[in-house]
Amino acid sequence: MSGVIVVMRRTLLSCTSLARVGPLGLAAAALASAEPALAGDGMPIDVVANLVELSRQDAAVVAAALALLGFSVVAAIALVRTRIHAGRKEARLRADIAQLQLRADRYRALLFAEPQILISWPAGGHRPQISGDTSLLVPPDQPQRILAFGTWLPAEPALELDRAVDSLREIGESFLVQLTTTHGHVVEVMGRAIGGQAIVRIRELAGLRREFAETQLRLKALFEETELLRGLAAALPWPVWAKQAGGALLYANPAYARAIEAKDVLDAINRNLELLDSDDRAEMQRALGSSGSFGARLPIVTGGERRIYDVRAFTLPGGNAGIAVDASEAEELRAALVRMADAHRRTLDQLSSGVAVFDGQRRLAFYNDSYRRLWDLETSFLDSQPDDSNVLDRLRAARKLPEQADFRAWKAKLHEAYRAVETAKDTWFLPNGRALSVVTTPNPEGGVTYLFDDVTESFDLARRYDGLIRVQRETLDSLAEGVAVFGSNGRIELFNPAFAKMWRLAAEALRERPHIDTVEAWCRPLYDDVTDWRSLREAVTGIENRRDLTLKLERKDGSVLDCMSRPLPDGATMLTFQDITDTENVERALRESNDALEAAGQMKIDFVHHVSYELRAPLTTIIGFAHFLSDPSTGPLTPKQAEYLDYVTKSTNALLALTNNILDLATIDAGAMKLELGPVDAAKAIDAAAEGVQDRLATDRIRLKVEVAPDVGSFIGDERRVVQVLYNLLANAVGFSPPDTLVVVSARRTDHSVSFAVTDSGPGIPPEVKDRVFEWFESHSQGSRHRGAGLGLSLVRSFVELHGGKVRMDSVVGKGTTVTCDFPTDQIAQRNAAE
């Protein structure tokens, strides 16, 4: 302000010196009129008075100056007013800043009056500002370590605080936690979002505040523990309850409510529903009152089902609590275990091995009947649970244990099984000649189990087996056949000298147990057929389809071996080689001779066929002309001519029958004979056959007796062939029977056939001839009048067998012969006969 006045004064003085002629009068008047305003603006009165006085003295000059500088005066006045207002605002602002600084100092002093740390993050910033005394938690020279919460907090609280700080900075979520540092200090950590900043305050709690915080922590832990226990009780599948001292239900879990079929837990508590019946509750109250605890296995009906529970209850301050654990499965398992143990005992009693179980105190806890019988001990003694030493002493006194020079040391060594961890085996040779296999097994719960087996027979069998092996070895060595046994791995296990000699192999090389491939390579110089060797390798090394294999090996040296492989029960394979060179040569000669005989037989058959067909044509012509000459229309014959013609007719008829028989046999032999099946009346067939031999019966004065059973009836067959069979049998019987004798033909029905039998009174057939009488051209007169080509009985057998039947002959020398033919009546035999 003073500066402005000085300027104005200098301006006025200059104006006065320049406008002394009078123009300043107007300016003086203007200043005079402005005096009140200047005084009102705070200008000193004396200054104004001086100006006024100056103006009065030189009014003209002032007026002129004011006229020229009117605009400047007005601008100066406006500038003065603006500067005055700005100065006032600046003074007020400086006063406010001073006041705020004072207040900030007061707040800072109040804020850090107690040890605490402030960490602030500006909005959008990542570098925090740390204030306060960090020496409480981290070294003073490393304040930034306060942000690594894991350096001064346990792992889990550090992770929890880290997540809380992240939530504060990201979404402005406040938090307040009380933590215990790794050094045992209790601190309070508070996070707030203030003025766009994330502020975290850390301070130590001391005195009452610390005690309060610790109490809160304990209350929180107690609350969490209570909630955890409540959650555990609620999650348990078994009923849990708590009662007041008066018996009122105070707490129950959902399993309790389900067991008593309540709507929910609240319903069970409000209605004070009980799980146990009155007697069990009374017993439980007595036990709780006397000993403070109760435990029993009780049946409880839950959900309409009766189950077994293990009930446990305890007296607590102000009441009692209990739990019922479902033991139904355990009870069933216990019962099953008891049954299993009984079953095991019964099973052990059935064993032939003696079993004795001694407990941890070395007392007999179990024995089976085989053990008692093995040592011949009294039941009363064993039932008294004697200890192991007493049992051994009694057996030693009865001379039932192996003789020992130092029995005490032997018994101590045996009792080492009580401290062993593995099973031990031994063999006892008793004075009475028996051998016992003894197995001592330590029991997991303590004690030892003895297992006794009488192996006397096993040892005897082993000795006998060794003897048999030696006999087998000697037998194999003495065999002329080559024998080699190959194991399941394809290596030779056993061989005899004949095998090595037969294949020219060294015995020392074979004792090295070479493989079948190696043996094959050694034998190839004598026999190199790839297919046969492959078959032998498969027989030795094959796993499936193990079967006998027979081969004939014709070796390069001209010898022939008969090879056979035989799988053995133990997986091995035995190969045998027999030199059949001589047998093969003989067989080859016999085969050639047989082929020659078969060729001769076929030639005979072919000759018979050919001759038979060649004979039929002239015979037919002769027979025709003979009938023609015997006809009266051809003219009369002299008696001698008639006699000769009759001889010709009989001879040609006999020759034709013989030819027909030969042709029939040839047809049957060629398999070309077919039967014309139809009903055959047995009685009529016999009559037809008898009609053909009537002239011979009359000539030889032989009587024919026919015996046909009433129930014979008919059967299916070729009637013409059946009559031919009966005719040949009758002709054969008449031929062998002496004059004035009897021939009997009979027919009867059995369950499956119709039998025809022809009996003569001839000389009979010797046993050595009986087997050949049905062969072709076998004719034996046996001193009778019978003469023939020997084809009749051959035709009989052939025709009967074509029908599916059988022919049998019963003959006694000097008393006659009976030939029986059985024709089947069943459908299968008839079908086969037709085919």
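Residues numbered from 1 in each chain as written. Predicted model: local features only at pLDDT ≥ 70, side-chain atom pairs only at ≥ 80, totals over all residues. Heavy atoms only, no water.

Q: Help me understand the overall build of the protein chain in this model?
A: The helix and strand tally for the protein chain stands at 28 helices and 27 strands. Of all intrachain contacts in the protein chain linking residues separated by at least 6 positions in sequence, the fraction that spans at least 24 positions is 51%. (Helix = DSSP H or I, 4+ residues; strand = E, 2+ residues; numbered from the N terminus. Contact = heavy atoms within 4.5 Å.)

Q: What is the right way to look at helix α6 (residues 155-171) in this model?
A: Quick reminder: α-helices carry 3.6 residues per turn. Residues three or four places apart thus point the same way. In this model, α6 (17 residues) spans 24 Å end to end at C-alpha, consistent with the 24 Å of a helix rising 1.5 Å per residue. Buried within α6 we find Ala158, Leu161, Val165 and Leu168. For α6, the arc enclosing every buried residue in end-on projection is 85°, short of the 170-degree limit, so these residues lie on one face. Opposite the buried face of α6, at more than 90 degrees from it, the exposed residues are Ala155, Glu156, Glu170 and Ile171. Here the buried face of α6 lies against β1 (116-121), β3 (175-180), β4 (186-194) and β5 (197-204). Taken from the residues just after α6, Gly172 is the one with a positive phi, measuring 70°. (Expected span 1.5 Å × (residues − 1). Buried < 20%, exposed > 50% of the residue type's maximum accessible area, 1.4 Å probe, protein only. Arc of directions from axis to C-beta.)

Q: Where do I start with the sheet that holds strand β19 (residues 560-567) in this structure?
A: Strand pairing in a sheet takes place through backbone hydrogen bonds and is either antiparallel or parallel in direction. Sheet architecture is open: five strands sit in the order β17-β16-β20-β19-β18, paired in antiparallel fashion. The open sheet has two edge strands with one neighbour each: β17 (492-495) and β18 (549-554). Taking each pair of neighbouring strands and ignoring which way they run, the sheet shows an average axis angle of 20°. Helix-sheet contacts for helix α20 (residues 530-541) involve β16 (482-486), β18, β19 and β20 (573-579), and the interaxial angle to β18 is about 150°. (Pairing = 2+ DSSP bridges. Axes fitted to C-alpha atoms, helices over the stretch in contact; angles between N-to-C directions.)

Q: I would appreciate a short explanation of the packing of helix α23 (residues 682-691) against helix α25 (residues 719-736) in the present structure.
A: Packed helices, taken two at a time, are described by their axes: the angle between them and the distance between them. At a closest axis distance of 8 Å, the pairing of α23 and α25 adopts a crossing angle of 50°. Comparing their axes, α25 and α23 come out oblique. Note that α23 runs across α25; the crossing there is right-handed. Two secondary-structure elements touch here, α23 through Ala685, Ile686, Ala688, Ala689 and Ala690 and α25 through Val722, Val723, Leu726, Tyr727 and Leu730. Residues of the contact of α23 with α25, tallied by class, amount to 10 nonpolar, no polar and no charged. (Parallel < 35°, antiparallel > 145°, perpendicular 65-115°, else oblique. Left-handed = near helix turned anticlockwise from the far one by under 90°. Nonpolar A, V, L, I, M, F, W, Y, C, P; charged D, E, K, R; others polar.)

Q: Explain a negative patch on the surface to me, please; I cannot follow it from the model alone.
A: A cluster of acidic residues, Asp681, Asp687, Glu691 and Glu719, forms a negative patch at the surface. Of note, Glu691 is situated in helix α23. A relative accessible area of 59% means that Glu691 is categorised as exposed. (Patch = residues over 30% accessible without salt bridge, like charges linked within 9 Å, V, L, I, M, F, W, Y side chains within 5 Å. Areas by Shrake-Rupley, 256 points an atom, 1.4 Å probe, with all protein chains shown as cover. Salt bridge = Lys/Arg side-chain N within 4 Å of Asp/Glu carboxyl O. Lys, Arg positive; Asp, Glu negative; His and termini not counted. Charge placed at Lys NZ, Arg CZ, Asp CG, Glu CD.)

Q: Looking at this model, I keep getting lost on the sheet that holds strand β11 (residues 354-358). Mind explaining?
A: If you trace the five strands from one edge of the open sheet to the other, you get β12-β11-β15-β14-β13, paired in antiparallel fashion. Lying at the two open borders of the sheet, with one neighbouring strand each, are β12 (364-367) and β13 (424-429). Sheet twist, expressed as the average angle between the axes of neighbouring strands with direction ignored, equals 20°. In terms of strand pairing, strand β14 (residues 435-442) meets strand β15 (residues 448-454) through seven bridges, oriented antiparallel.

Q: Help me understand the environment of Asp133 in this model?
A: Inspection of the secondary structure assignment puts Asp133 in the loop between β2 (129-132) and α6. The contact partners of Asp133, leaving out residues within four places of it in the chain, are Gln116 and Ile117.

Q: Hey, could you run me through the pattern of salt bridges in this one?
A: Side-chain pairs of opposite charge can arise whenever the charged atoms involved come near each other. Scanning the entire structure with this criterion turns up 28 salt bridges. Between Asp267 and Arg271 there is a salt bridge whose closest N-O contact spans 2.9 Å. Of this pair, Asp267 and Arg271 both sit in helix α9 (residues 265-271), four residues apart, which is roughly one turn of the helix. Under the relative-accessibility criterion, Asp267 is labelled buried at 14%. Taking the shortest distance from any N to any O, the salt bridge between Arg399 and Glu403 comes out at 2.9 Å.

Q: I would appreciate a short explanation of unusual backbone geometry in the present structure.
A: Most peptide bonds adopt trans geometry, and most residues besides glycine take a negative phi value. At Arg504, a position not held by glycine, the phi torsion is positive, near 60°. Of note, the phi angle at Arg513 is positive, near 55°, even though the residue is not glycine. With respect to the secondary-structure elements, Arg513 resides in the loop between α18 (507-510) and α19 (516-523). What makes Arg513 partly exposed here is its relative accessible area of 36%.

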